[in-house]
Number of protein chains: 2
Amino acid sequence: MVTETKKPIQFYFDFISPFGYFASLRIDELARRYGREVEWNSMLLGVSVMKVMGLPPIIDLPLKGPYIVRDAKRYARRHGVSFERESAMPGARPLEAGRAYAWAKTVDPIRAKRLAAGLFESYFVNCSDIGDSLLVEQCISRAGLSVDAYRHQRWQGVPKALLEKNVEASLDNGVFGSPFFIVDGEPFFGLEKMPDLEDWLKTGGW
Amino acid sequence: MVTETKKPIQFYFDFISPFGYFASLRIDELARRYGREVEWNSMLLGVSVMKVMGLPPIIDLPLKGPYIVRDAKRYARRHGVSFERESAMPGARPLEAGRAYAWAKTVDPIRAKRLAAGLFESYFVNCSDIGDSLLVEQCISRAGLSVDAYRHQRWQGVPKALLEKNVEASLDNGVFGSPFFIVDGEPFFGLEKMPDLEDWLKTGGW
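Residues numbered from 1 in each chain as written. Chains lettered and ligands numbered in written order. Predicted model: local features only at pLDDT ≥ 70, side-chain atom pairs only at ≥ 80, totals over all residues. Heavy atoms only, no water.

Colleague: What is the right way to look at the relation of the copies chain A and chain B in this model?
Modeller: Copy one and copy two of the chain differ by a rotation about a common axis and a shift along it. When chain A is fitted onto chain B, the two copies agree to an RMSD of 0.0 Å after a turn of 180° and an axial shift of 0.0 Å. What we have between these two chains is a two-fold relation. Ranked by how close their C-alpha atoms come to the rotation axis, the residues of chain A are headed by A:E192, at 3.0 Å. Interface residue correspondence from chain A to chain B reaches 100%, placing this contact among same-surface, isologous pairings. (Least-squares fit on C-alpha atoms with pLDDT ≥ 70 in both. Contact = heavy atoms within 4.5 Å.)

Colleague: Just to check I follow, could you spell out the pattern of salt bridges for this structure?
Modeller: Oppositely charged side chains may form a pair once their charged atoms are brought near each other. Taken as a whole and assessed by the stated rule, the structure comprises 38 salt bridges over all chains. One network of salt bridges, with partners in common, ties together A:R70, A:D71, A:R74, A:E192, B:E186, B:K193 and B:D196. (Salt bridge = Lys/Arg side-chain N within 4 Å of Asp/Glu carboxyl O.)

Colleague: Help me out: how do you make sense of helix α7 (residues 133–142) of chain B in this one?
Modeller: One full turn of an α-helix is made of 3.6 residues, so residues set three or four places apart face in the same direction. All names here are of chain B. All buried positions along α7 are accounted for by L135, V136, E137, C139 and I140. Residues of α7 that are buried in the fold lie against α5 (95–107), α6 (109–124) and α8 (147–155). The residue sitting at the N-terminus of α7 and contributing the capping side-chain oxygen is D132; that oxygen lies 3.1 Å from the backbone nitrogen of L134. Positive phi appears at G144, one or two residues downstream of α7, with a value of about 85°. (Buried < 20%, exposed > 50% of the residue type's maximum accessible area, 1.4 Å probe, protein only. Helix = DSSP H or I, 4+ residues; strand = E, 2+ residues; numbered from the N terminus. Polar contact = N/O pair within 3.5 Å; in protein donor to acceptor, adjacent residues only side chain to side chain.)

Colleague: Any chance you could explain the pairing of strand β4 (residues 186–189) of chain B here in plain terms?
Modeller: Side-chain positions along a regular strand alternate between the two faces of the sheet. Residues and elements named next belong to chain B. In this structure, strand β3 (residues 180–183) lies alongside β4, joined through four bridges in antiparallel fashion. Residue pairing across strands places F180 opposite F189, the latter belonging to β4. What sits between the antiparallel neighbours β3 and β4 is a turn of two residues, in which D184 has the positive phi angle 50°. (Pairing = 2+ DSSP bridges.)

Colleague: Honestly, the pairing of strand β3 (residues 180–183) of chain A in this entry has me stumped. Any pointers?
Modeller: Residue and element names in this part refer to chain A. Burial along β3 is two-sided: F180 and I182 facing one way and F181 and V183 facing the other are all buried. Inspection of the sheet shows strand β1 (residues 9–13) paired to β3 by three bridges, in the antiparallel sense. When the sheet's bridge partners are listed, Q10 is paired in β3 with I182.

Colleague: I would appreciate a short explanation of the sheet that holds strand β2 (residues 38–42) of chain B in the present structure.
Modeller: All names here are of chain B. Overall, mixed pairing links the four strands, which are arranged β2-β1-β3-β4 in an open sheet. In the strand order of this sheet, the two ends are held by β2 and β4, each with one partner. The mean inter-strand angle of the sheet, taken between neighbouring strand axes irrespective of direction, is 20°. Strand direction decides the pairing type here: strand β1 (residues 9–13) and β2, joined by five bridges, are parallel. (Axes fitted to C-alpha atoms, helices over the stretch in contact; angles between N-to-C directions.)

Colleague: Hey, could you run me through the packing of helix α5 (residues 95–107) of chain A against helix α6 (residues 109–124) of chain A in this one?
Modeller: Geometrically, a packed helix pair is captured by the angle between its two axes and the distance between the axes. Residues and elements named next belong to chain A. The interhelical angle for the contact between α5 and α6, taken along N-to-C directions, is 160°, at an axis separation of 7 Å. In this view, α5 runs roughly antiparallel relative to α6, as classed from their interaxial angle. The crossing of α5 and α6 is right-handed. Residues A97, A100, Y101, A104, K105 and V107 of α5 pack against P109, A112, K113, L115, A116 and L119 of α6. (Parallel < 35°, antiparallel > 145°, perpendicular 65-115°, else oblique. Left-handed = near helix turned anticlockwise from the far one by under 90°.)

Colleague: Looking at this model, I keep getting lost on the packing of aromatic side chains. Mind explaining?
Modeller: Remark: the centre distance and the inter-plane angle together describe each pair of aromatic rings, the angle taken between the planes. Tallying each qualifying case throughout the model produces 54 aromatic pairs over all chains. With a centroid separation of 5.4 Å and 50° between ring planes, the pair formed by A:F13 and A:F120 is classed as tilted. With A:F13 in strand β1 and A:F120 in helix α6, this pair connects stretches of sequence that are 107 residues apart. Taken as a pair, A:F13 and A:F120 share a single burial class, namely buried. Measuring from centroid to centroid gives 5.0 Å for A:W103 and A:Y150, while their planes differ by 55°, and the two rings are tilted. On the criterion of sequence distance, the pair formed by A:W103 in helix α5 and A:Y150 in helix α8 (residues 147–155) is long-range, its members being 47 residues apart. Taking the relative accessible area as the measure of exposure, A:Y150 reaches 1% and is therefore buried. Across from the ring centre of B:F188, 4.4 Å away, lies the NZ or CZ of A:R74, which sits over that ring. Sitting over the ring of B:Y123, B:R85 keeps its end group 3.8 Å from the ring centre. (Phe/Tyr/Trp six-rings, centres within 6.5 Å; stacked < 30°, edge-to-face > 60°. Lys NZ or Arg CZ within 6 Å of the ring centre and 35° of its normal.)

Written out as structure tokens, the structure reads:
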């Protein structure tokens, strides 16, 4: 008997995306119910939304900007998720976090997820600046990864190059927002698509 | 004993929006389960998205445009909804349809919904041009409304003025897309928000 190995679900996120953060709290448990692993991939909204699609940050849009802020807060209320960051707060600097995660993933994917969770928490619960390399190093250390190893790689530009490669790959896969999921080649954009993603796994696709 | 009268749910749509069409097939039944009426309001994506937010039509965006086309088709497959219109088809002209609906609503809201359903069907199932006034008049007639009365009003510019007023009102209410719902002042954007809207009605809000 040949056991079919199911491919992992691809989960894409930007560390400064509230809905990416919310999705990160649910996706592994959802996938587990259908015997699936999840591969977490950092991407950059500043590249997909602003450079490739040529759009301003959603938060700056009239009408839609205020709606998104309200929507994130009520989601957190409804689902009991810690979410303290005000949208007006400055400091949306995803590069250090994204690079550190891209590096960590090549070292130890399990600890890398722990790092990602720590970075999301730092940003959205503790309202820390994840653009600060010292804060990122603290998160690396708490995730059980070596800060010395990271510093060495960072000095050689490795994390930067890895994130650039990951962002390129996300664009090649049609990823344009956060969160974004790909299940066996099928794309699902947005937190609200998670029930459809689950339905897809349950039924085998439609 | 005073019986509390619940306010109708506000449902906003553009006749050329596939997701507005899909929502129109579900919203009245959803609302009925919670003892609610639904008021249908035509709006214009060309005003909210293009003029107010300054964005190009979503269909023209790299990455997101192709995703939206795929998403609409798979929704129709999954839910057994008739949907024949190809996105590449020319003729997205919502004005005649929107104006006729805005007029019909002032005459007979029940028949106006029948007109809206007929216009959606003409556009998305029969692939007709709802910018054609003769086609719109056929839909008016089939909905049990008077074509003569419509022609008279149209000659005086009434439907045009009514749609303009409705579009202004939609912007005043923060509406920026299709479908869009407002329940007791609470906004829900997008077809995928219908489960959240239902949860809001069920629980009394969060």
